[in-house]
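Spelled out from the first residue to the last, the chains are:
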Amino acid sequence: MKYNADITNGNFTFHDIEVGKLWYDYFWNSLGYVCKMSHTGLMTSHRLDDNSEDIRLNKERQSCVYLRDDDSGVIWNIGEAPVCTPVSEYTCTFGQEFARISSVMDGIFAELTVGVCPNDTAEVWRVRVENRSDRERHISVVPCVPFDQEGFNNHGLYFSGTTAETYILPDIHTVVSHSTHPHKPHPRCDAYISAYTPAQAYQGRLEKFYGTAGSYACPLELRWEKLLSCENAGVRPKCGAIQNCLTLGAGGSETLTYRLGFADDMEELKRDYEKRKAESLHLFDDVEQRGAGRYGKLRVETPSEPVNRLMNFWAEKQVDFCMIGKKAVRDNAQLALAMLNYDTELAKKTLSECFCHQFQSGKALLNWIYWQPETYSDPSMWLVLAACEYIKETGDLAYLDCALPYQDGGEGTVSEHLRAAVKWYMAPENIGPHGLPKIHYADWNDALNIDDPDAESVFMAMGLCWALREFAELESRVGDKALAEDALRFCERIAAATNEHAWNGMYYLRALSKYGTVGDSAPVYINPQSWAILGDVVPADRLSTLLDSIDRYETPEGIRLCSPAYETYDPAVGRMSGMRPGAYENGGIYNHACGFKVMADCKLGRAENALRTLLAMIPDSSEHNPTELTTTEPFVFTNCYLQNRTENMMVGFSWQTGSSAWGLRSFYEGILGLTRTYDGLRVMPCLPKEWDEIRAVRHYRGSELHLHYVRGNGDGTVLYVDGKPMDGNVICPFGDHAIHEIKIVY
């Protein structure tokens, strides 16, 4: 598949509609308004506010722009969906702050550009229509938004069908669905669409627009009627459709602008119509510059096109997007770890939000949007790791004294939150019979649910070794040295227990329980092997054997989470064994875990291994994961490459995945070797032999570092700062908010 990835502005352009599945771009703002646009021109939007209250603007993938030739009656869409009338000269550009599709149908060029308003709960659609034929044409442009206004807690009593009604406001060319829901989470629940060119007709009743036997793929009102019938709806399904009728001479063109989103009420829409019109008409004037300013803080030029394609702009954007949608302590703390590479303020905000969902006991929730009462063993571990890395990155020791609430009431400083987490892990009731941490309902692997309250997690033992050492280093500098020593002793005990009970002579097991072991013989799990390295658990005399096992299970397509997959359900393993073999956790190439493996390779200096695994994570990086096979967007990380018989190497899903965080970290922190210490930024590159020169940009404590990696004669890493050689490999904070040239000879 041919495409163009512009690493100077983050624009990704392609010309194929049939790519195997819908590809998406996302846009959002600080108010939590999120718009999703497919490459076929289908939109879905919602708002998730700071209180995690969600409300959907429209039905999933049903909002779009219809065009009709009023002379011939032909109806089409710019990206062919949903009507499926063929078009030609199709182009799609996904950018950082906008998406644009265009095509030609029977001499009519049409272009749709979509973006989100920076300071409002709204988005803008701009439609440009040009007559490239040699005769006068009459074209109707009809955007239609099937209103939803659901998503929040309805208390089991109400839904939008009984609490909302559409109103057509022709004076301001608007259709609004006014909500009177008694339990709406905030006033801003009225859904609307406005036009900024006088319209000829409107529709607020979805059933009338679709027709009894029609659908969004065949809107019968457009097929049968010259103009929409201007009806409202209450209990029955609602929509906002606006019809603009254009007369275009040969070579003529017209641009139409629409705004849709949420408002408090109809009075606001009337009062602010002209203001919103002015904003909307100019939203796209500097959209590429705004996108380059919002993302692209990390920049890199390597000999690898796939690496450049993802690691400029898109990896940052994907991590930020995951933070908007995840709302889970485990997930968002890992996202904060990645954000530290490019946006420390957002990382701090994200981490603080996670701390607010930790209990006084020290454990933390998995997910705070959809309440899950089960105890997961890993969320608080990620809090410890992320907080320590935040202090190293910023030097912001005052953050440790910041008071944050607990999930179950009261508040504590960040230091108190961290100490509670460590004490919870060290509590006897959370240690299993072999001296390893209990897995509880699950650990990082949600689907490893062992029906045994005393089951133990090898992964958690290794993760805690890493987290406890980090905690002890921080605490010994600024806090309770006795607790730091206790944490280190506990770390030594669980490492010893892991090596005694969870090593089978070739590799580490995954879990221990009353049923026996998980991950001994078949299947073998990758995470305990990589985390034995990351957590400094594996003894030196076992390392070569462990690495042989890791390498044995890696394939050109990547490395499976467990191999081979479970063929039948096993109650001693839980949910993952009931999935189709090769699907997700059950033997899929789970890219989040591949990111762990890249970081482990980099820790050991295995540069070629690290790059090979990273490239396997990146879509369309080789003949083993071409877009034509995987069907995924080539500019973002995917959750999993399926290994089942019917969808081998197709993707599970993209965008909303922790693979983005570890993909970004494994490159910038692992391969480029930009790791944090309390004294500065350590440079320990792990670059493959075929890479002789790399350039990168990284911000650190207010300074902009221009990094130039050059291969030397193999005598170790030497740093030159602004032309002068420096001792060691730690870049100390400059404190001057200036640009500094860093040459790294490796």
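Structure: above.
Definitions and limits used
- Residues numbered from 1 in each chain as written.
- Predicted model: local features only at pLDDT ≥ 70, side-chain atom pairs only at ≥ 80, totals over all residues.
- Heavy atoms only, no water.
- Helix = DSSP H or I, 4+ residues; strand = E, 2+ residues; numbered from the N terminus.
- Rg over C-alpha atoms; globule rule 2.2 N^0.38 Å.
- Buried < 20%, exposed > 50% of the residue type's maximum accessible area, 1.4 Å probe, protein only.
- Axes fitted to C-alpha atoms, helices over the stretch in contact; angles between N-to-C directions.
- Parallel < 35°, antiparallel > 145°, perpendicular 65-115°, else oblique.
- Left-handed = near helix turned anticlockwise from the far one by under 90°.
- Contact = heavy atoms within 4.5 Å.
- Nonpolar A, V, L, I, M, F, W, Y, C, P; charged D, E, K, R; others polar.
- Pairing = 2+ DSSP bridges.
- Core = buried A, V, L, I, M, F, W, Y, C linked by side-chain atoms within 4.5 Å.
- Phe/Tyr/Trp six-rings, centres within 6.5 Å; stacked < 30°, edge-to-face > 60°.
- Lys NZ or Arg CZ within 6 Å of the ring centre and 35° of its normal.
- Salt bridge = Lys/Arg side-chain N within 4 Å of Asp/Glu carboxyl O.
- Arc of directions from axis to C-beta.
- Polar contact = N/O pair within 3.5 Å; in protein donor to acceptor, adjacent residues only side chain to side chain.

Asks: Which residues make up the overall build of the protein chain, and what are the values?
Replies: A tally of regular secondary structure across the protein chain gives 20 helices and 39 strands. Here the protein chain has a C-alpha radius of gyration of 28 Å; the compact-globule value for 746 residues is 27 Å, and the two agree. With respect to the three principal axes, the spread of C-alpha positions in the protein chain is 80 × 60 × 55 Å. Split into buried and exposed, the 746 residues of the protein chain put 61% on the buried side.

Asks: Report on the packing of helix 9 (residues 329-339) against helix 10 (residues 344-355), specifying residues and quantitative values.
Replies: Here helix 9 crosses helix 10 at 160°, and the two axes come no closer than 8 Å. Compared by their axis directions, helix 9 and helix 10 come out roughly antiparallel. In the packing of helix 9 onto helix 10, the handedness of the crossing is left-handed. Side by side, helix 9 and helix 10 meet where Val329, Asn332, Ala333, Ala336 and Met339 of the first sit next to Thr344, Leu346, Ala347, Thr350, Leu351, Glu353 and Cys354 of the second. Tallied by class, the residues present in the contact of helix 9 with helix 10 amount to eight nonpolar, three polar and one charged.

Asks: Account for the sheet that holds strand 12 (residues 122-131), naming residues and giving values.
Replies: The strand order 1-2-9-10-11-12-19-16-15-14 describes an open sheet built from ten strands, whose pairing is antiparallel. In this open sheet, the two strands that pair with only one neighbour each are strand 1 (3-6) and strand 14 (164-169). If you compare each strand with its neighbour and ignore which way they point, the axes differ by 15° on average. Strand direction decides the pairing type here: strand 12 and strand 19 (residues 253-263), joined by nine bridges, are antiparallel. Counterpart to Arg126 in the pairing with strand 19 is Thr257.

Asks: Would you mind going over the pairing of strand 13 (residues 137-146) in detail, with residue names and values included?
Replies: By the criterion of burial, strand 13 is predominantly enclosed, with nine of the ten residues buried. Pairing analysis gives six bridges linking strand 7 (residues 64-69) to strand 13, with the strands arranged antiparallel. The residue of strand 13 that forms the bridge with Arg68 is Ser140. Looking at chain direction, strand 13 and strand 18 (residues 238-248) are connected through eight bridges and run antiparallel.

Asks: Run through the sheet that holds strand 37 (residues 724-726), naming residues and quoting values.
Replies: Pairing is mixed in the open sheet, where six strands are placed in the order 20-34-35-39-36-37. Single-partner strands in this sheet number two, and they are strand 20 (299-301) and strand 37. On average, each strand axis in the sheet is tilted by 25° relative to the strand beside it, whichever way the strands run. The pairing of strand 36 (residues 718-721) with strand 37 spans three bridges and is classified as antiparallel. Each residue of the ladder has a partner; that of Tyr720, found in strand 37, is Pro725.

Asks: Describe helix 15 (residues 527-534), naming the residues involved and giving the relevant values.
Replies: Most of helix 15 is tucked away, with eight of its eight residues classed as buried. Of all the positions in helix 15, only Asn527, Pro528, Gln529, Ser530, Trp531, Ala532, Ile533 and Leu534 are classed as buried. Following helix 15 by one or two positions, Asp536 has its phi on the positive side, about 55°.

Asks: Can you explain the nonpolar core? Please cite residues and give values.
Replies: The biggest cluster of nonpolar side chains holds 197 residues, and the ones touching the most others in it are Leu112, Trp382, Phe667, Leu672 and Tyr709. The element contributing the most residues to this core is helix 13 (residues 458-478), with twelve residues. Discounting residues that sit within four places of it in the chain, Tyr709 has contacts with Leu672, Leu674, Val683, Pro685, Leu687, Asp692, Glu693, Ile694, Ile744 and Tyr746.

Asks: Talk me through the packing of helix 18 (residues 607-617) against helix 20 (residues 659-671); I want residue IDs and the actual numbers.
Replies: Following both chains from N to C, one finds helix 18 and helix 20 inclined at 150°, their axes separated by 11 Å at the closest point. By the angle between their axes, helix 18 is roughly antiparallel relative to helix 20. When you trace helix 18 past helix 20, the crossing you get is left-handed. For the pair helix 18 and helix 20, contact is made by Ala610, Leu611, Leu614 and Met617 and by Ser659, Gly663, Ser666, Phe667 and Ile671, respectively. Residues that form the contact of helix 18 with helix 20 fall into these classes: six nonpolar, three polar and no charged.

Asks: Now, about the pairing of strand 16 (residues 190-195): what can you tell me, with residues and values included?
Replies: With six of its six residues buried, strand 16 lies for the most part within the structure. Both strand 16 and strand 19 contribute to a ladder of six bridges, which runs antiparallel. Within strand 19, the residue paired with Tyr192 across the bridge is Gly261.

Asks: Could you give an account of the packing of aromatic side chains, with specific residues and numbers?
Replies: Scanning all chains against the criterion turns up 36 aromatic pairs. Plain terms: the ring middles of Tyr584 and Phe653 are 6.1 Å apart, the flat faces sit at 35° to each other, and that makes the pair tilted. With Tyr584 in the loop between strand 29 (562-563) and strand 30 (589-590) and Phe653 in the loop between strand 31 (640-641) and helix 20, this pair connects stretches of sequence that are 69 residues apart. The exposure class assigned to Tyr584 is partly exposed, which follows from its relative accessible area of 26%. Directly above the aromatic system of Tyr24 lies the positively charged group of Lys36, at a separation of 4.6 Å from the ring centroid. Seen from the ring of Trp662, Arg665 lies directly overhead, with NZ or CZ sitting 4.7 Å from the centre.

Asks: Go over the pattern of salt bridges with me, naming the residues and quoting the values.
Replies: Applying the stated rule across the entire model yields 52 salt bridges. Each of Glu389, Lys392, Glu393, Glu470, Arg665, Glu669, Arg676 and Arg698 takes part in a single network of salt bridges with overlapping partners.

Asks: Give me the lowdown on helix 5 (residues 273-281), citing residues and values where you can.
Replies: Those residues of helix 5 that sit buried are Tyr273, Arg276 and Ser280. Buried residues of helix 5, seen end-on, are gathered within an arc of 65° and therefore sit on one face of the element. Among the exposed residues of helix 5, those pointing more than 90 degrees away from its buried face are Glu274 and Lys275. Those residues of helix 5 hidden inside the fold are in contact with strand 12, strand 15 (174-179), strand 16, strand 19 and helix 4 (266-271).

Asks: Talk me through the environment of Arg299; I want residue IDs and the actual numbers.
Replies: Structurally, the position occupied by Arg299 is in strand 20. For Arg299, a relative accessible area of 27% gives the class partly exposed. Other than its neighbours up to four places away in sequence, Arg299 contacts Ile7, Thr8, Asn312, Phe313, Tyr668, Arg695, Ala696 and Val697. Within the structure, Arg299 has its side chain in polar contact with the backbone oxygen of Ile7 (distance 2.9 Å).

Distances and angles like these do not, on their own, reveal function.
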